[in-house]
Amino acid sequence: MSPHDDHGPAGDGPLGEHGFPGEADWLDLPMPELPEGPLAPEGAAADAGVDDFVSRVLRARDEDRQLDAGLARLDQELPKALLQHFAPPPIGDDFVESAVAAIQLDRQRRWRALLARYVAPEPSPEFVNRTLDALFDADAAAAVRAEGAGIHGKGIRRVDGAAGTGDGLPRPLAWQADDGPVARRAPRASRWLWPLAAAAAVAAAVLWSRPSHRPPFELQVALGTPADRAWADAVSPLPTVLAAVASAEDSDALFDVPVAGLWLAAATESGR
Amino acid sequence: MTEITDDLVRRAQQGDEAASRAIVEALHRPVIATVYRFLGTGWRREIEDLAQEVFLKVFRAIDKFDPTRAKFTTWVYTFVRNHCFDVLKKRRLKTSSLHAVDDDERQRDFADRRELLPDQDSENQELGRRIGEALATLGEDQRMVFILREYESLDYREIAAITGVNEGTVKSRLFRAKESLRKQLQPYLEAGA
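By convention here, each chain's residues receive numbers from 1 onward along its written sequence. Chain labels run from A onward and ligand labels from 1 onward, assigned in the order the entries are written. With pLDDT at 70 or above as the cut-off, local features in this predicted model cover only qualifying residues; side-chain atom pairs require 80 or more to be listed or tallied, and sums for whole chains, interfaces and linings still use all residues. To get the side-chain values, all heavy atoms of the structure are used, and hydrogens and water are removed first.

Describing the overall build of chain A
Point 1. Along chain A, the regular secondary structure elements total 10 helices and three strands.
Point 2. Burial classification: accessible surface area is computed with a 1.4 Å probe over protein chains only, and a residue below 20% of its type maximum counts as buried, one above 50% as exposed, and the rest as partly exposed. A buried classification covers 24% of the 272 residues belonging to chain A.
Point 3. Accessibility throughout is a Shrake-Rupley quantity obtained with a 1.4 Å probe, and a residue counts as covered only by protein chains that appear here. A total of about 19200 Å² of accessible surface is found on chain A, and carbon and sulfur atoms cover 60% of it. What counts as a helix is a DSSP run of H or I of at least four residues, what counts as a strand is a run of E of at least two, and both are numbered from the N terminus.

Let's talk about the packing of helix α7 (residues 140-151) of chain B against helix α8 (residues 156-163) of chain B
Two measures define how a pair of helices packs: the angle their axes make with one another and the distance between the axes.
Residues and elements named next belong to chain B.
Point 1. The angle between two axes is taken between their N-to-C directions and runs from 0 to 180 degrees, where each axis is a line fitted to C-alpha atoms and a helix contributes only its stretch in contact. One way to put it is that α7 packs onto α8 with a least axis distance of 10 Å and a crossing angle of 145 degrees. Viewed along their axes, α7 and α8 form a crossing whose handedness is right-handed. Together, Met-144, Val-145, Leu-148 and Arg-149 of α7 and Tyr-156, Ile-159, Ile-162 and Thr-163 of α8 make up the contact between the two elements. Two helices that cross are described as forming a left-handed crossing if the nearer one is turned anticlockwise from the farther one by less than a right angle, and a right-handed crossing if clockwise. Contacts are assigned to residue pairs with any non-hydrogen atoms lying within 4.5 Å of each other.

Some remarks on helix α2 (residues 17-39) of chain B
Residues and elements named next belong to chain B.
Point 1. Two axes enter the bend calculation: one fitted to the seven residues ending at the residue in question, the other to the seven starting there, and the bend is the angle between them. The largest bend in α2 comes to about 50 degrees, at Leu-27, with the proline Pro-30 one to four residues further on.
Point 2. Among the 23 residues in α2, 18 count as buried, and that is most of the element.
Point 3. The residue sitting at the N-terminus of α2 and contributing the capping side-chain oxygen is Asp-16; that oxygen lies 2.8 Å from the backbone nitrogen of Ala-18.
Point 4. Backbone geometry just downstream of α2 places Gly-40 in the positive-phi region, at approximately 100 degrees. The definition of a polar contact used here is a pair of N or O atoms within 3.5 Å, where within protein one atom must be able to donate a hydrogen and the other to accept one, and adjacent residues in sequence count solely through side-chain atom pairs.

Observations regarding the interface of chain B and chain A
Point 1. Between chain B and chain A, the residue contacts involve 48 residues of the former and 35 residues of the latter.
Point 2. What counts as buried area is the accessible surface, traced by a 1.4 Å probe, that two parts surrender upon association, with contributions from both included. Carbon and sulfur atoms make up 66% of the area that chain B and chain A hide from each other, which totals about 4000 Å².
Point 3. Whenever a carboxyl oxygen of Asp or Glu lies within 4 Å of a side-chain nitrogen of Lys or Arg, that contact is scored as a salt bridge. At the boundary of chain B and chain A, one finds seven salt bridges.
Point 4. Arg21(B) serves as the salt-bridge partner of Glu97(A), at 2.4 Å between the closest nitrogen and oxygen.
Point 5. Summed over the shared surface of chain B and chain A, the number is 11 residue pairs in polar contact (both at pLDDT 80 or more).

Here we look at the packing of α2(B) against helix α3 (residues 47-60) of chain B
Residue and element names in this part refer to chain B.
Point 1. Here α2 crosses α3 at 130 degrees, and the two axes come no closer than 9 Å. By the criterion of interaxial angle, the relationship of α2 to α3 is oblique. Regarding α2 and α3, the two cross each other, and that crossing is right-handed. Residue-level contacts link Ser-20, Ile-23, Val-24, Leu-27, His-28, Val-31, Ile-32, Val-35, Tyr-36 and Leu-39 of α2 to Ile-47, Leu-50, Ala-51, Val-54, Phe-55 and Phe-59 of α3.
Point 2. The classification used treats Ala, Val, Leu, Ile, Met, Phe, Trp, Tyr, Cys and Pro as nonpolar, Asp, Glu, Lys and Arg as charged, and all other residues, Gly among them, as polar. Per-class residue counts for the contact of α2 with α3 are 14 nonpolar, two polar and no charged. Every angle not falling under 35 degrees, over 145, or within 65 to 115 is termed oblique; those three ranges are roughly parallel, roughly antiparallel and roughly perpendicular.

Some thoughts on the pattern of salt bridges
Point 1. One pass over the full model with this rule turns up 24 salt bridges over all chains.
Point 2. With a closest N to O distance of 3.6 Å, Arg73(A) and Glu179(B) form a salt bridge. Separated into two different chains, Arg73(A) in helix α2 (residues 49-77) and Glu179(B) in helix α9 (residues 167-184) make up a pair that spans both.
Point 3. Assessed through its relative accessible area of 35%, Arg73(A) is described here as partly exposed.
Point 4. Residues Asp7(B) and Arg10(B) are paired through a salt bridge, measuring 2.2 Å at the closest nitrogen-oxygen approach.

Some points on the side chain of Glu158(B)
All names here are of chain B.
Point 1. Within the element layout of this structure, Glu-158 appears in helix α8.
Point 2. On the accessibility criterion, Glu-158 (12% relative accessible area) is buried.
Point 3. Reaching out from Glu-158, the side chain makes a polar contact with the side chain of Thr-74 at a distance of 3.3 Å.

Some points on the confidence of the model for chain A
Point 1. For every residue, the predictor assigns a confidence score, pLDDT, that lies between 0 and 100. In the predicted model, chain A carries a mean pLDDT of 67, and the fraction of residues at 70 or more is 42%.
Point 2. Every residue in residues 256-260 of chain A scores below 50 in pLDDT, and together they form 10 contacts with partners more than four places removed in sequence or on other chains.

Topic: α7(B)
All names here are of chain B.
Point 1. Here the expected length of a helix is defined as 1.5 Å per residue gap, with one fewer gap than residues. Between its first and last C-alpha atoms α7 spans 16 Å; for 12 residues at 1.5 Å apiece the expected length is 16 Å, and the two agree.
Point 2. In terms of burial, α7 is a largely internal element, nine of the 12 residues being buried.
Point 3. By the burial criterion, the buried members of α7 are Gln-142, Arg-143, Met-144, Val-145, Phe-146, Ile-147, Leu-148, Glu-150 and Tyr-151.

Written out as structure tokens, the structure is:
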């Protein structure tokens, strides 16, 4: 048994409830259990822990002193003046300028990449098609596609693949005019489509011409959308708008699928 | 040399170009010298590009620098040390056929060195080359400690912070490095004496 066992387990010693000991008690603190050190000889008694600890501390101190003495000796034998013969090459006059320019350019690139996450690019044709498929009555849309019919000599078709405007950007609308073979009578679907489009155009023109003190549409959406329904990496505000509309119908709906209208397409598919 | 104050660093953190320039101006010589001495003469042609990469890394991370935890120069030297180690690690991954290229490069390098340093006599050039070769034989940890102590005059605590070891280990690495260099450079030391 160690002579320090009288104090019981750790925490029950003279520290008691007072925390740190007073200066007078400090030297009489009990010795805690120490793991066997690497310097302890095999078969050493357990109560030799104190001596082992002291010897390790002294040995470490001696080694440190020896190192200091050796380094001082080597400083004399290997003088810095001699080492200076290994000099770096001359530095180009434009190093600082080019380094600062590279740093600024790198900073701009990183900011641009960061901001690009919040800039909505043109939606892809695939996204537009999926959204329209989901928005329009499935049967009517199918009928329009099946007819491939023209209106006043013009056909209507969906955007195919990466069809673009010629300037590298996809068309913003899913419908584009195509030359029809002959002028035909407008199909049933277009009879209500044109008045609807005309009414929408008039409404848009009225809204557009009114003096507006309201913030931009994107900002309105951003301000009015709960944070848990908005995606920072959305390519367009449209998914957020659609999510808000759907949320009004079903407040318990969870929108945990990616943007780009996939969830809406899936919902339409399941409803068909 | 411009003193790198906390205010200067804070302005650089806010994107101030003049502050960034002042920091590069103050630190480019020690950064280039440390990279060159650590990697060796074989990297002479790339040395400014490598130093610039260090600064790019420093300024990408400068927002994370906390002046209450470390000196700015100590923090920058951790980037120097890590970049040097990364460069050597990448070189080790290259195929062995590139060693021949390295040898050719080294020979051309010494030719360039003679052109660029015409005022140094041939003995000094030879001694500098020999010191570089002796340094290259040291282990990477020993070499970095030696350079930071002997060429950059950092104290043991700073070197410990940069290399991630305690001060005792720094001292023992430095001792072994100097002992090894002393043996390798013995002929030059005797001639000098």
